Amino acid sequence: MAILPILCYPDPRLHTVARPVQAVDERIRLLVSDMLATMYDAHGIGLAATQVDVHERVIVIDVSEERDQPLVVINPEIVWASAEKVVGDEGCLSVPGIYDGVERSTAVHVRALDGEGQPRTIEADGLLAVCLQHEMDHLLGKVFVEYLSPLKRNRIKTKMVKAQREARA
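Scope of this entry: the structure provided in the associated data block.

1. Focus on the sheet that holds strand β6 (residues 107-113)
At step 1: Across the sheet, 5 strands lie side by side as β1-β2-β3-β6-β7; this open sheet has antiparallel pairing. The sheet is open, and its two edges are formed by β1 (46-48) and β7 (119-125), each paired on a single side. With direction set aside, neighbouring strand axes in the sheet form an average angle of 40 degrees.
At step 2: Where strand β3 (residues 71-81) and β6 come together, 5 bridges link them in antiparallel fashion. Residue I78 lies in a different strand from β6, and its bridge partner there is V110.
At step 3: Contacts between helix α1 (residues 26-41) and the sheet are confined to β1, β2 (58-61) and β3, with β2 contributing the most and set at about 40 degrees to the helix.
At step 4: Lying over the sheet, helix α2 (residues 126-139) contacts β1, β2, β3, β6 and β7, oriented at roughly 120 degrees with respect to β7.

Below, the structure written as structure tokens:
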């Protein structure tokens, strides 16, 4: 298992739309393994392949308290979303240190393949529902800050660019 570099906003590669996975083979299983290692190493609860510069529809999530219940979601598709919405503070491994309110459905049903390529439907609410929606946005090339006002988004972009410049210096 390798720890993969995570792209940081405003990297333009974060806006790449991911293509469907054609086959859950050894290459995809290795990607999943590396993504899980990367997510756990970064203390995240979700990671989309887009964030590690792989533009295929693969997500890993673990919202468990003990961090021992990894969920692999390949080629996800929301087949139902609750009309009820909630605004919650979201953060992102690609936008470190930034948290802000984003409105999401409180529950979703997601059809996808698991890590073995088997079809499944995930019925999620609470944190898992929010996490699925957040990570699926990444597969569409969308970062959570895009839900914020242009003023907030520009402030975050400036802060991130400055932090990246200082890290390189």
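2. Section: the pairing of β2
At step 1: Along β2, one buried face is formed by V58 and V60 and the opposite face, lined by I59 and I61, is buried too.
At step 2: One ladder, built from 3 bridges, connects β1 with β2; its direction is antiparallel. Residue pairing across strands places G46 opposite I61, the latter belonging to β2.
At step 3: Judged from the 4 bridges that link them, β2 and β3 form a sheet pairing that is antiparallel. What sits directly across from V60, in β3, is V72.

3. Regarding the state of the cysteines
At step 1: This model, assessed by the stated rule, comprises 0 disulfides.
At step 2: C8 takes part in no disulfide bond, and the closest cysteine sulfur, belonging to C92, lies 8.7 Å away.
At step 3: The class for C8 is partly exposed, based on a relative accessible area of 25%.
At step 4: Left without a disulfide partner, C131 is nearest to the cysteine sulfur of C92, which lies 9.9 Å away.
At step 5: We classify C131 as buried; its relative accessible area is 5%.

4. Describing the side chain of R104
At step 1: Positionally, R104 belongs in strand β5 (residues 95-105).
At step 2: In terms of polar contacts, R104 uses its side chain to reach the side chain of D137, at 2.7 Å.
At step 3: Those residues within four positions of R104 in sequence are excluded, and the remaining contacts are E84, K85, V86, E90, V130, Q133, H134, D137, F144 and Y147.

5. Describing α1
At step 1: Here α1 spans 22 Å end to end across 16 residues, near enough to the 22 Å set by a 1.5 Å rise per residue.
At step 2: Listed in full, the buried residues belonging to α1 are I28, L31, V32, D34, M35, L36, A37, T38 and M39.
At step 3: Residues of α1 that are buried make contact with β1, β2 and β3.

Rules used throughout
Residues numbered from 1 in each chain as written. Predicted model: local features only at pLDDT ≥ 70, side-chain atom pairs only at ≥ 80, totals over all residues. Heavy atoms only, no water. Pairing = 2+ DSSP bridges. Helix = DSSP H or I, 4+ residues; strand = E, 2+ residues; numbered from the N terminus. Axes fitted to C-alpha atoms, helices over the stretch in contact; angles between N-to-C directions. Contact = heavy atoms within 4.5 Å. Buried < 20%, exposed > 50% of the residue type's maximum accessible area, 1.4 Å probe, protein only. Disulfide = S-S within 2.5 Å. Polar contact = N/O pair within 3.5 Å; in protein donor to acceptor, adjacent residues only side chain to side chain. Expected span 1.5 Å × (residues − 1).

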